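Geometric and topological summary
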Amino acid sequence: MAERGNGDINVNGRSYRKPARPTVVICYDGCDPRYISHGTSTGLLPNMSRMMSEGFYAIADAAMPTFTNPNNMSIVTGAPPKVHGIAGNYYLDKATGREVMITDASLVSSGTILAALAGAGARVGVITAKDKLRKMLGVGLNGICFSSERACAATRAENGIEAVEALVGRPTPDMYSPDLSLFVLDAGIKLLEAGRSDVLYLSLSDMVQHSAGPGEALADAFNRDVDRRVGRILELGATLGIVADHGMTDKCTPDGEPQVVYLEKVLNDRFGAGAARVICPITDPFVKHHAALGSFVRVYAMGSVPAQDLMDAAARIPGIALVLDGDSAAARYEMPREREGDFVAIADTYSVIGSRPDEHDLSGLNGHKLRSHGGLSEQPVPFMLSRPLTAAYRAVAAGRRLRNFDIFDFALNGTK
Ligand SMILES: [Zn+2]
């Protein structure tokens, strides 16, 4: 529907215009739409409020499972996980029986919009909070690509930029501080101010959202700090798109205790040791956020008990909303079949699913209530643009379910 001019790029069957003015997309990690509605109704977010009234705002759906890596990859490829191959942070390699942490881009099976824009001559910058994500998002990219976690170590050879601390004017932030995200935004602003970037993808961390909900002091202060930086990006004349990789929900009993189904333990207690293995794809080195507990797990039948018997039992456990065999889950949620379990289990809104108690250290929660994501309840995310849509894209937005991975299409092709 967009008119195609010279220099348009094609990625995964969709075409994108090279931007006429600097274009910035922020992945506001874990920004549940309830933070936005709270922030706009209380005046915490004046700049995002202005984007919503002058540009465009909708609620879009994240890709399943609603975890950080699959959704960041979807946003930068414009495609669901079955196309780019990343369906979690952690998986069981069925051929070897080994559990594997995804720490680099070796499993990424598609090109990115960012790499293609850079290939077409745009100056592209990618800044992430976590370094692990940086390696995936930067696949094939000729441009600037670094993380705030490892800002001090950025080199021209590896990251396309050096002296990042001097650029931003402060040292590399602590990996468990809100500044891990604010540093990302400030670095992006410095690149814009210096006229060094045509396209920026700024991917934040969800540390704050795991710790505090809308109206809590930590979250309100953080979101206000993000909004100020949004104001600066708008002042610099960029087209700005904001989406999230997933929402965030309290996963608690009514008295505030973590509401956890230890699915592997429940199944093995019933069917015998070694009957089932539960893989939690949220598992990552940032365990303090969530104790590796999310609302989506993959389950493998490891012994002689048929998967169907395990599925039937799992589906009857309180806190589990949906159980699907691997084929059905991959088809319904457009996930790569080769990384799917024998079945998946999805928790209800207020529950998470773990494997066994000894695999989840809840002490890192430090007294805050467990908030997490991964399931269907965290699919709705904000989808915000600083400029009004063209008539053609207004029709698209009215006609179908928007996905968070439509954001580059809308920002590059669909705004006035
Ligand atoms: Zn996230």
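Structure first, text after, so check above.
Residues numbered from 1 in each chain as written. Predicted model: local features only at pLDDT ≥ 70, side-chain atom pairs only at ≥ 80, totals over all residues. Heavy atoms only, no water.

Regarding the overall build of the protein
What the protein contains, in helices and strands, is 16 helices and 19 strands. At 21 Å, the protein has a C-alpha radius of gyration in line with the 22 Å of a compact globule built from 416 residues. Taken over the C-alpha atoms alone, the protein extends approximately 60 × 45 × 45 Å along its principal axes. In the protein, which comprises 416 residues, the proportion classed as buried is 59%. Positive and negative side-chain charges of the protein, numbering 43 and 47 respectively, have mean locations separated by a distance of 6 Å. (Helix = DSSP H or I, 4+ residues; strand = E, 2+ residues; numbered from the N terminus. Rg over C-alpha atoms; globule rule 2.2 N^0.38 Å. Buried < 20%, exposed > 50% of the residue type's maximum accessible area, 1.4 Å probe, protein only. Lys, Arg positive; Asp, Glu negative; His and termini not counted. Charge placed at Lys NZ, Arg CZ, Asp CG, Glu CD.)

Looking at the sheet that holds strand β8 (residues 144–147)
Paired through their backbone hydrogen bonds, the strands of a sheet run either parallel or antiparallel. In space, the 7 strands of this open sheet follow the order β4-β19-β10-β3-β9-β7-β8, with mixed pairing throughout. The open sheet terminates on both sides in strands that have one partner only, identified here as β4 (56–61) and β8. On average, each strand axis in the sheet is inclined to that of its neighbour by 10°, with strand direction left out of account. Sheet topology note: the strand β7 (residues 124–128)/strand β9 (residues 199–203) ladder contains 5 bridges and is parallel. Bridge pairing in β9 places T128 opposite S203. (Pairing = 2+ DSSP bridges. Axes fitted to C-alpha atoms, helices over the stretch in contact; angles between N-to-C directions.)

What to know about the nonpolar core
By size, the foremost hydrophobic cluster in this structure holds 91 residues, and its most contacted members are I26, Y201 and F408. For this core, the element with the most residues is helix α9 (residues 179–193), which contributes 9 residues. Setting aside chain neighbours within four positions, we find I26 in contact with L185, L202, L204, V230, I233, L240, G241, I242 and V243. (Core = buried A, V, L, I, M, F, W, Y, C linked by side-chain atoms within 4.5 Å. Contact = heavy atoms within 4.5 Å.)

Details of the coordination of the zinc ion
All of the protein donors around the zinc ion are D29 (OD), T68 (OG1), D245 (OD) and H246 (NE2); their distances to the metal are 1.9 to 2.2 Å. For the zinc ion, the 4 donor atoms in the first shell make angles of 90 to 141° at the metal, so the coordination geometry reads as irregular. Read in sequence order, the donor residues coordinating the zinc ion give the pattern D-x38-T-x176-D-H. On the criterion of sequence distance, the pair formed by D29 in the loop between β3 (23–27) and α1 (33–41) and D245 in the loop between β10 (239–243) and β11 (249–250) is long-range, its members being 216 residues apart. Across the pair, D245 and D29 agree in class, each one buried. (Donors = N, O, S within 2.8 Å, 3.2 Å for Na, K, Ca; no water. Tetrahedral: all angles 85-135°; square planar, octahedral: opposite > 155°, others 65-115°.)

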